[in-house]
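Here's the letter readout for the chains.
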Amino acid sequence: MGHGAGGEIRPLRAGEPSNVETLGDCIKVGRRGSLSGTLYVDGTQGHVAYPHRASNPVPDISALIVALGDEPLDHGSAQFQPSNLEFTSVDVGNTAGNVIPGQARAKFNIRFNDHHTQDSLRALVERRLTQAAGNRVRARIVWEPSNSNVFVTKPGAFTDLAVAAIEEITGRRPEMSTSGGTSDARFIASYCPVIEFGLVGQTMHQVDERTPISDLEKLTRVYRGVLDRYFA
């Protein structure tokens, strides 16, 4: 971490694996944002033998899941892959096989690019839900709080410096990547440009997560190269 012109801090975030196959194959220069919510559909509980006295929310939530995921949120941008909405669970909490449930719910997560903010994305999904539900289906979304916004550090002197240090030690010119999940870099990205370069993620978060000692040694030399170039 160092200070640039005007006291600007430019960190190279270390530690968590960022390379895909081999040390030096990519630098993370940005991340998509993350937003989660739960879709609720209210029906009327009743006995399966008397469906006319009930309103089954299961077919309705199934149709809404398809409708919300049917049309792309966008087609990607210059820096990012397309945003995607993924449903991760569907539940009615029903332990009885002969009772129509009174409510169905489905959790989802959206990974979004720089075409959206959290507010604009919520508004877009809510409009699509209103259109798909019409005047018959009683549906709503409860959104979870999120501190994960999209960010990107565009190519420039800072990224060139890091690329040169990586290429010198590994012999590879890294790809500028924004793929993958969120990272802790989001907490400082609004204060200064951020890039991420760490180890290889082949066993990341597994019980036997491991890395060759030679990669650790090379990574240390890369960091030294970045510092030497930055303060030169």
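Keep in mind the model is a prediction, meaning the values are calculated, not measured.

Novice: For this particular structure, what's the right way to read helix α2 (residues 118–133)?
Specialist: Quick reminder: α-helices carry 3.6 residues per turn. Residues three or four places apart thus point the same way. With 16 residues, α2 should reach 22 Å at 1.5 Å per residue; the first-to-last C-alpha distance of 22 Å fits that figure. Every buried residue belonging to α2 is among Gln 118, Leu 121, Leu 124, Val 125, Arg 128, Leu 129 and Ala 133, and all of these are buried. Along the axis of α2, the buried residues cluster in a sector spanning 155 degrees; they form a single face. Exposed positions of α2 whose direction lies more than 90 degrees from the buried face are Asp 119, Arg 127, Thr 130 and Gln 131. Contacts from the buried residues of α2 go to β6 (33–42), α1 (57–70), β8 (84–91), β10 (103–112) and β11 (138–143).

Novice: Is there a simple way to think about the sheet that holds β11 in this case?
Specialist: Strand pairing in a sheet takes place through backbone hydrogen bonds and is either antiparallel or parallel in direction. Read from one edge of the open sheet, 4 strands run β8-β10-β6-β11, paired in antiparallel fashion. The open sheet terminates on both sides in strands that have one partner only, identified here as β8 and β11. For this sheet, the mean inter-axis angle between neighbouring strands, taken without regard to orientation, is 25 degrees. By the bridge criterion, 7 bridges tie β8 to β10 in an arrangement that is antiparallel. From the neighbouring strand, Ser 89 faces β10, where its bridge partner is Lys 107. Contacts between α1 and the sheet are confined to β6, β8, β10 and β11, with β6 contributing the most and set at about 150 degrees to the helix. Its contacts with the sheet place α2 against β6, β8, β10 and β11, and it is angled at close to 165 degrees to β11.

Conventions used here
- Residues numbered from 1 in each chain as written.
- Predicted model: local features only at pLDDT ≥ 70, side-chain atom pairs only at ≥ 80, totals over all residues.
- Heavy atoms only, no water.
- Helix = DSSP H or I, 4+ residues; strand = E, 2+ residues; numbered from the N terminus.
- Expected span 1.5 Å × (residues − 1).
- Buried < 20%, exposed > 50% of the residue type's maximum accessible area, 1.4 Å probe, protein only.
- Arc of directions from axis to C-beta.
- Contact = heavy atoms within 4.5 Å.
- Pairing = 2+ DSSP bridges.
- Axes fitted to C-alpha atoms, helices over the stretch in contact; angles between N-to-C directions.

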